[in-house]
Amino acid sequence: MKPHVSDEYERSAEFVDVMLAAPWTVLAPTLAEALRGAPGPVVDVGAGGGHGTRVIARTLPAAEIHAVEPSPGLRAVLLARVNDDPGLRDRVTVLPGGLLQATLPPRLGTLVAMNVIGHFDPGGRRTIWRLLAERLLPGGRAVLNLQPPAEPVAVPQTRFSELRIGRRRYEGWGRAEPSGPDQITWHMTYRAFQDGEPAEEVEVEYAWWLLGPDRLKAELAGHGLHATPTGPTERGLWCITGSPG
Ligand SMILES: C[S@@+](CC[C@H](N)C(=O)[O-])C[C@H]1O[C@@H](n2cnc3c(N)ncnc32)[C@H](O)[C@@H]1O
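Because the structure is predicted, anything quoted here is derived from the model rather than measured.

**Some words on the domain arrangement of the protein**
Reasoning step 1: Segmentation of the protein into domains returns domain 1 (13-146 + 211-241) and domain 2 (155-209).
Reasoning step 2: Relative to domain 2, the C-alpha centre of domain 1 lies at a distance of 24 Å.
Reasoning step 3: At the interface, 16 residues of domain 1 touch 15 residues of domain 2.
Reasoning step 4: Carbon and sulfur atoms supply 71% of the area buried between domain 1 and domain 2, which totals about 1,200 Å² over both sides.

Right, dumping it as structure tokens:
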């Protein structure tokens, strides 16, 4: 039986993976550097279509990878991407459901959570920190990124992606508004134009739990964990270990 997690990407999965390709060309070297020498097994939390899974596999060529992805649409992209590459097929296991429902190895070398931590409420984050404190191997680490804003402020409508595939041009737009003291709601619009004419439009929204560096450090301290920034500041990557880095 598959554990049920509501799929906030049900209608946008078609667009999300292709629109994440460009940001990943920038993120990939920073993640690779943060992972250099990290032990396996690796958990890729919310692997999406697998852009990050590929970076993990390239950087840690001997590690077994558990790619957890609850959205059936994105998981289909992920499974196909893994299946297409013999280097991935042998050592990447694609797991349905959410992280908190996944059956993971008893000890973890590395946990990667890229572009995903805002999907976890404070209770969910507590469970993740506890999992790291209890199951991270000596020398193990977690790598995640914190995405702005860290405060509940409105984010004006912004085009974050534009690409052309065949006769179609795709645009991804997003705006956010505060929906609680530590939450915003993202409103995303995905548009396709064919030969310059509007052809398709999909609107979705999802909640995003805010987390900034100070709160991250305070939450981790309660579990004996430490966070240090890694890579260029604007990428927002943090490395979490069991002892001061
Ligand atoms: C913005 S996408 C990022 C995908 C991928 N990490 C990347 O950067 O290309 C966020 C992902 O988190 C997944 N997600 C949402 N809630 C989750 C949960 N509870 N456990 C694991 N993944 C989750 C979504 O299905 C989605 O694939």
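**Brief notes about helix H6 (residues 213-221)**
Reasoning step 1: For H6, the full list of buried residues reads Leu216, Glu219 and Leu220. In an axial view of H6, the angular spread of the buried residues amounts to 95°, which keeps them on one side of the axis. The exposed set on the far side of H6, more than 90 degrees from its buried face, consists of Asp214, Ala218 and Ala221.
Reasoning step 2: Along its buried surface, H6 packs onto helix H5 (122-135), strand S5 (136-145), strand S10 (226-229) and strand S11 (237-241).

**What to know about the pairing of strand S4 (residues 108-113)**
Reasoning step 1: Across the six residues of S4, six count as buried, placing the element largely inside the fold.
Reasoning step 2: With three bridges joining them, strand S1 (residues 42-45) and S4 adopt parallel strand pairing. In the sheet register, valine 42 faces S4, and the bridge partner there is threonine 110.
Reasoning step 3: Across five bridges, the pairing between S4 and S5 is parallel. From the neighbouring strand, valine 112 faces S5, where its bridge partner is valine 143.
Reasoning step 4: Handedness of the crossover is the feature at issue here: the chain leaves S4, passes through H5, returns alongside S5, and the resulting connection is right-handed.

**Some thoughts on the UniProt feature "domain: Methyltransferase" (unreviewed entry) in the protein**
Reasoning step 1: Cross-referencing UniProt, the feature "domain: Methyltransferase" (unreviewed entry) maps to residues 42-140 in the present numbering.
Reasoning step 2: Secondary structure across residues 42-140 divides into 40% helix and 23% strand, with the first and last C-alpha atoms of the span separated by 10 Å.

**Focus on the nonpolar core**
Reasoning step 1: One finds Leu104, Trp129, Leu132, Leu144, Leu216 and Ile240 to be the most contacted residues of the largest nonpolar core, which totals 28 residues.
Reasoning step 2: Counting residues per element, this core draws most heavily on H5, at four residues.
Reasoning step 3: Among all residues touching leucine 216, those that are not within four sequence positions of it are Trp129, Leu144, Leu146, Leu211, Ala227, Trp238 and Ile240.
Reasoning step 4: Leu35, Ala67, Leu78 and Val112 belong to the second-largest nonpolar core, a separate cluster that totals 26 residues.

**Remarks on the site of the ligand**
Reasoning step 1: Taken together, 17 residues are adjacent to the ligand, and Trp24, Gly46, Glu69, Met114 and Asn115 come closest.
Reasoning step 2: One of the backbone N or O atoms of leucine 99 is found 2.9 Å from a nitrogen atom in the ligand.
Reasoning step 3: Here the shell around the ligand is composed, by residue class, of 10 nonpolar, six polar and one charged.

**A few points about the pattern of salt bridges**
Reasoning step 1: By the definition in use, this model includes 14 salt bridges.
Reasoning step 2: Two residues, glutamate 33 and arginine 36, come together in a salt bridge whose shortest N-O distance is 3.3 Å.
Reasoning step 3: On the accessibility criterion, arginine 36 (47% relative accessible area) is partly exposed.
Reasoning step 4: Across the salt bridge formed by arginine 191 and glutamate 201, the nearest N and O atoms sit 2.8 Å from each other. With arginine 191 in strand S8 (residues 183-194) and glutamate 201 in strand S9 (residues 197-209), this residue pair connects regions lying 10 residues apart in the sequence.
Reasoning step 5: Classification of glutamate 201 as partly exposed rests on a relative accessible area of 46%.
Reasoning step 6: Ionic contacts of the salt-bridge type, sharing partners, join the residues Arg125, Asp182, Arg215 and Glu219 into one network.

Calculation notes
- Residues numbered from 1 in each chain as written.
- Predicted model: local features only at pLDDT ≥ 70, side-chain atom pairs only at ≥ 80, totals over all residues.
- Heavy atoms only, no water.
- Domains from an automatic or database assignment.
- Contact = heavy atoms within 4.5 Å.
- Buried area = accessible area lost by both parts, 1.4 Å probe.
- Buried < 20%, exposed > 50% of the residue type's maximum accessible area, 1.4 Å probe, protein only.
- Helix = DSSP H or I, 4+ residues; strand = E, 2+ residues; numbered from the N terminus.
- Arc of directions from axis to C-beta.
- Pairing = 2+ DSSP bridges.
- Right-handed = clockwise from strand over helix to strand, strands pointing away.
- UniProt positions renumbered as here; feature names shortened; annotations may be inferred.
- Core = buried A, V, L, I, M, F, W, Y, C linked by side-chain atoms within 4.5 Å.
- Near = heavy atom within 4 Å.
- Polar contact = N/O pair within 3.5 Å; in protein donor to acceptor, adjacent residues only side chain to side chain.
- Nonpolar A, V, L, I, M, F, W, Y, C, P; charged D, E, K, R; others polar.
- Salt bridge = Lys/Arg side-chain N within 4 Å of Asp/Glu carboxyl O.

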